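Residue-level listing of the chains:
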Amino acid sequence: MIPPLTPDVLRRRCDPAQFAFATTTELEGLDAALGQSRAQGAIEFGVGMRREGYNLFAMGPEGIGRRTLVRRHLEAQAKSLPPPSDWCYVFNFKVPHKPRALRLPAGQANAFRARMERLVEDLRASIPAAFETDEYRNRRQQIESEFGERQEQVLGELGDRARAQGIALIRTPTGFGFGPMKGDTVMEPEEFRKLPEKEKARLEKLVSDLQEELARVLHDLPKWRRETMNKMRELNREVTRAAVNSTLEEEKAQHGALPAVQEYLGEVQEDILENAEAFRVSKESEPPTLFGVPMGRAEAPEATFRRYAVNVLIEHGDATGAPIVFEHNPSHDALVGRIEHLSQMGALVTDFTLIKAGALHRANGGYLVLDALKLLGQPFAWDALKRALRSREIRTQSLGQELSLISTVSLEPEPIPLEVKVVLVGQRILYYLLHAYDPEFAALFKVAVDFEEDMPRGPENDTAYARVVAALAKKEGLRPLERGAVARVIEQSSREAADAGKLAVSMQALGDLLREADYWAAHEKRTAIAGADVQRAVQAQEARLGRVRERVLESVLRGTQLVDTAGERVGQVNGLAVAQLGGFAFGMPQRITARVRLGSGGVLDIERESELGGPIHSKGVLILTGYLAGRYALGRPLSLSASLVFEQNYGGIEGDSASSAELYALLSALARAPVRQSLAVTGSVNQHGDVQAIGSVNEKIEGFFDLCNARGLAGGQGVLIPKANVQHLMLREDVVAAAAAGKFAVHAVDSVDEGIELLTGLPAAEVHARVEARLAEFAERARAFAAGAGAKPWQKTKKK
Amino acid sequence: MAENEKEVRIARIIACFSPGSAGAPEAIARLAKEMQAELLGLFIEDVELLRFAGMPFAQEVGFPSASRRAMDVDALERQMRAQARALEVTLAAIMGPAPAGWSFRVERTTPASAVEAALAEGMAPALLIPPGANPRAERRVLRRPQISGESLRTLLRALRPVLILPE
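Remember, predicted model here, so these are calculated numbers, not experimental data.

What counts and what doesn't
Residues numbered from 1 in each chain as written. Chains lettered and ligands numbered in written order. Predicted model: local features only at pLDDT ≥ 70, side-chain atom pairs only at ≥ 80, totals over all residues. Contact = placed C-beta atoms within 7 Å. Nonpolar A, V, L, I, M, F, W, Y, C, P; charged D, E, K, R; others polar. Pairing = 2+ DSSP bridges. Helix = DSSP H or I, 4+ residues; strand = E, 2+ residues; numbered from the N terminus. Buried ≥ 20, exposed ≤ 12 C-beta atoms within 10 Å, placed from the backbone. Axes fitted to C-alpha atoms, helices over the stretch in contact; angles between N-to-C directions. pLDDT = per-residue confidence, 0-100. Left-handed = near helix turned anticlockwise from the far one by under 90°. Expected span 1.5 Å × (residues − 1). Arc of directions from axis to C-beta.

## Some details on the interface of chain B and chain A
Okay, so step 1: The partner chain A presents 26 residues to the 23 residues of chain B that form the contact.
Okay, so step 2: Its residues placed into classes, the side of chain B that touches chain A shows twelve nonpolar, seven polar and four charged.
Okay, so step 3: Sheet analysis places strand 5 (residues 175-182) of chain A next to strand 3 (residues 59-62) of chain B, joined by three bridges and oriented antiparallel. Each bridged residue has a counterpart across the sheet, and for Gly175 of chain A the counterpart in strand 3 of chain B is Gly62 of chain B.

## Comments concerning unusual backbone geometry
Residues and elements named next belong to chain A.
Okay, so step 1: Of note, the phi angle at Ala498 is positive, near 55°, even though the residue is not glycine.
Okay, so step 2: With respect to the helices and strands, Ala498 occurs in the loop between helix 19 (483-497) and strand 21 (502-504).
Okay, so step 3: Not every positive phi belongs to a glycine, and Ser696 is a case in point at roughly 55°.
Okay, so step 4: For Ser696, a count of 23 C-beta atoms within 10 Å gives the class buried.

## Concerning the sheet that holds strand 2 (residues 86-90) of chain A
Residues and elements named next belong to chain A.
Okay, so step 1: The strand order across the open sheet built from three strands is 3-2-9, with neighbouring strands paired in antiparallel fashion. Across the chains shown, the open sheet's two edge strands, defined by having one partner strand only, are strand 3 (100-104) and strand 9 (311-314). Taking the axes of each pair of neighbouring strands and ignoring which way they run, one obtains an average angle of 30° across the sheet.
Okay, so step 2: Contacting strand 2 and strand 3, helix 8 (residues 259-274) crosses the sheet at an angle of about 130° to strand 3.

## With respect to the sheet that holds strand 24 (residues 584-598) of chain A
Residue and element names in this part refer to chain A.
Okay, so step 1: Taken in spatial order, the seven strands make up an open sheet running 25-26-24-23-28-31-32, and their pairing is mixed. Both edges of this open sheet fall to strand 25 (602-605) and strand 32 (744-749), since each of them pairs with a single strand only. The mean angle between the axes of side-by-side strands here comes to 30°, regardless of whether they run parallel or antiparallel.
Okay, so step 2: For strand 23 (residues 572-581) and strand 24, the ladder comprises ten bridges, and the chain directions are antiparallel. Paired with Gln580 across the bridge in strand 24 is Ala585.

## What to know about the environment of Gly62 of chain B
Okay, so step 1: Structurally, Gly62 of chain B is set in strand 3.
Okay, so step 2: On the basis of neighbour counts, which here come to 15 C-beta atoms within 10 Å, the residue Gly62 of chain B falls in the partly exposed class.
Okay, so step 3: For Gly62 of chain B, the residues in contact, after removing those within four places along its chain, are Thr174 and Gly175 of chain A together with Ser67 and Arg69 of chain B.

## Concerning the confidence of the model for chain B
The predicted coordinates ought not to be read in detail in places where the model reports low pLDDT.
Residues and elements named next belong to chain B.
Okay, so step 1: When pLDDT is averaged along chain B, the result is 86; 95% of the residues meet or exceed 70.
Okay, so step 2: A low-confidence stretch, residues 1-5 (pLDDT under 50), is modelled with six contacts involving residues beyond four sequence positions or located in other chains.
Okay, so step 3: Predicted as a complex, the structure gets a pTM of 0.71 and an ipTM equal to 0.85.

## What about the packing of helix 1 (residues 25-35) of chain B against helix 3 (residues 73-95) of chain B?
Each pair of packed helices can be described by the angle between their axes along with the distance between the axes.
All names here are of chain B.
Okay, so step 1: Remark: helix 1 packs on helix 3, axes separated minimally by 9 Å, with the N-to-C direction vectors making an angle of 35°. Here helix 1 runs over helix 3; the crossing is right-handed. Listed contacts from helix 3 to Pro25, Glu26, Ala29, Arg30, Ala32 and Lys33 of helix 1 are Leu87, Thr90, Leu91, Ile94 and Met95.
Okay, so step 2: Split by residue class, the contact of helix 1 with helix 3 holds seven nonpolar, one polar and three charged.

## Here we look at helix 20 (residues 507-523) of chain A
An α-helical turn contains 3.6 residues, so any two residues separated by three or four positions project in the same direction.
Residues and elements named next belong to chain A.
Okay, so step 1: For helix 20, with 17 residues, the first-to-last C-alpha span of 24 Å sits near the 24 Å given by 1.5 Å per residue.
Okay, so step 2: Along helix 20, the positions that sit buried rather than exposed are Leu510, Leu513, Leu514, Ala517, Asp518 and Ala521. All buried residues of helix 20 lie within an arc of 135° about the axis, which places them on one face of the element. In helix 20, the exposed residues that point more than 90 degrees away from the buried face are Gln508 and His523.
Okay, so step 3: Of the surrounding elements, those touching the buried residues of helix 20 are helix 18 (459-476), helix 19 and helix 21 (531-545).
Okay, so step 4: Directly after helix 20, the chain includes Lys525, whose backbone phi takes a positive value near 60°.

Here you go:
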């Protein structure tokens, strides 16, 4: 018979005496990620590798310290890099709907914007001033009078010719006319009528000829007017150029090494010459005139000046290294930027000054850290990020444009070259899913940073862990921890890791535990956190989440759920299940029963038949058939029909951790050997009868202990666990105390034989012999049936 | 600018408007206000133009369209009345109750006769603005006796204001 495990095995204690400090104030804090050497190496490699596609995916569960570690490495690396260039969007004078991107040395963009604003303001003063000079006025008057004189000259010559022929040139309200003269004045109409017909015809012919000549002269007038206007434009241009050149040349000289800026300023210069008229009018002034005729304005002057504005997209004036951007809302627009609109007269309008930077712009030349789940949850954000990384440029487009949902004219800003290292932080499952289903993922995120969830436990690591606890307590402003409290924290960390030989490295869980222990220490008016405070924090956590556990226990105690903890019964074993609700796991006993009869060799899994069992559970049950066939029915057919069920299970069952319990129930039923109900069983079994490790062993043991304890510990109660799970034992103090007092036992078994002896109190060989005999009896009866009836009445008739 | 102009305060502006040259009434009115001079707006319904319109073959050649249109007296008179009304309204809007006062007359005569009559009313020195002239253009300065019938006609054809000083 297997003896129970000794109490020291049930919980691996951390001896406070191993620590040389009294409280953590004496410890030098360790602000490091414990047990993450693999992840650290990967981050160092990924951050240092400046090649395409070497972006990082930091994977692991929440609270493990992924962001902290990533940030720490990025900050160290970023300091050694120069601040990246500034970027601006400016007007594209050649293709207005494609704003031009300008790169400027770090910290110069805002100054450039300010200088351009000042330049426009200066020109608004200097250009009108240039047009107020006597030189300009005289030259303009000269051009105007040239036209007037030319016009007057031809009209005067025509008038003189007409007058020589006795015809007067008369100005009408809308033109000119010719009338016959008498003396110096126009002839009276009555006098004309009295003239001889021949004379009237002559005069009419003369007038008609003169009208034709006048029409010919007037045809030339528009051409002369155009010539004059061209001269006027050229004059305006000349005057404007003189005012503009001195100002712009000065600005150009400041950007000698930047050809793109030089080119842009050259275009600005040309555009100002073309639009000099806008600079000549104040906001309230009348429109410009030519020969007293108002000339239309293509657009308001303020709109003209807007095109010389500089939209500083990103500036690194105060930066001391490469940027590190954590984008917490990685939507499409938040990544690639957006183009805003203004409402004008009911229409939405935009221009290059309304282009806004996204996280990629801000992180360009440095690092961008994103939460993978949030990124994937944002429509089209993942595609936008991949496109940017693949093309190595940031193209700012609205989703509507990108998806061709809107066809209104909008902007197509010039893409900005992208050089960024992206770090995605997410769960492992996301990494594996992306790797499996997104062909581009592997090429873009070549560096997997796999975070550990635990680290080996030992004196050295215990001390390092204590230093991390000290650093965390100091950082959070908590009370120092006594060494007993540190020891209790380490034990709880082992429990979190579900392994006596490991320590969980979740900084989030550790931080929560320390903060809550500090609360209880304050409650007890202690100056340092004691082990009891840590213990109370753990218990309070469990109590807050323990409502369902208590209700389940209550239902068993009240007899609603049938679970025996005393006596013996054939074909009935206490199995152990674990429920996981909201991050809190607890064990609960479950009655498993088996019934056998003559049949065709199958073990019927009622859970599977009723679709309450999952595939792993079904696999476990099928293995039982393999065990039975291999162990007992080598020479004859297995003429058995057995049924197995988790009694009162209505919510489904998954996993194979109950397969050994199911086998014990089956063997008990076959051997007619009663099973002790004071014991519960967990462990999976293989076809050879070896008992294999399962998960959540601590919760399962504690679940049965709580039931026995509630009913009163009688001394013979206990749990059978796989021997492979002994290393995972970190049981509660009360369980360990009961075991030490001999009131509760935990047995570690290696095989079905060991287990069946504990459960039935019979030697395994006897149980096997009984099973063998029973199966032989079934086989014999089956043969007799077959010989007598030539048929197998117990077999179901298959319907065709 | 003539030397003697600097010493002279212009008391009166005689602004001539004709059907063929509406001129710049707003600019003239503003000038009058600035100078605090009395303004006389003189719209001259040129009798020669009316005679011409009464001819059986009367046609005008549009400026600058060069298109030919028949003319008749009734239409011309309607047009002149409308022009005169518009001019008066424009001057009134700017002059308002000007301290120096202003008036507007429509006269059917020749431009020279109309101006002669206005000058005969005295109140020199006066600024004569011929039809269509820029009121702020460089002025000619003449003394009243220098202005006779033929010279007045020439002055009225030119597009320059004339400052007429007393004898």
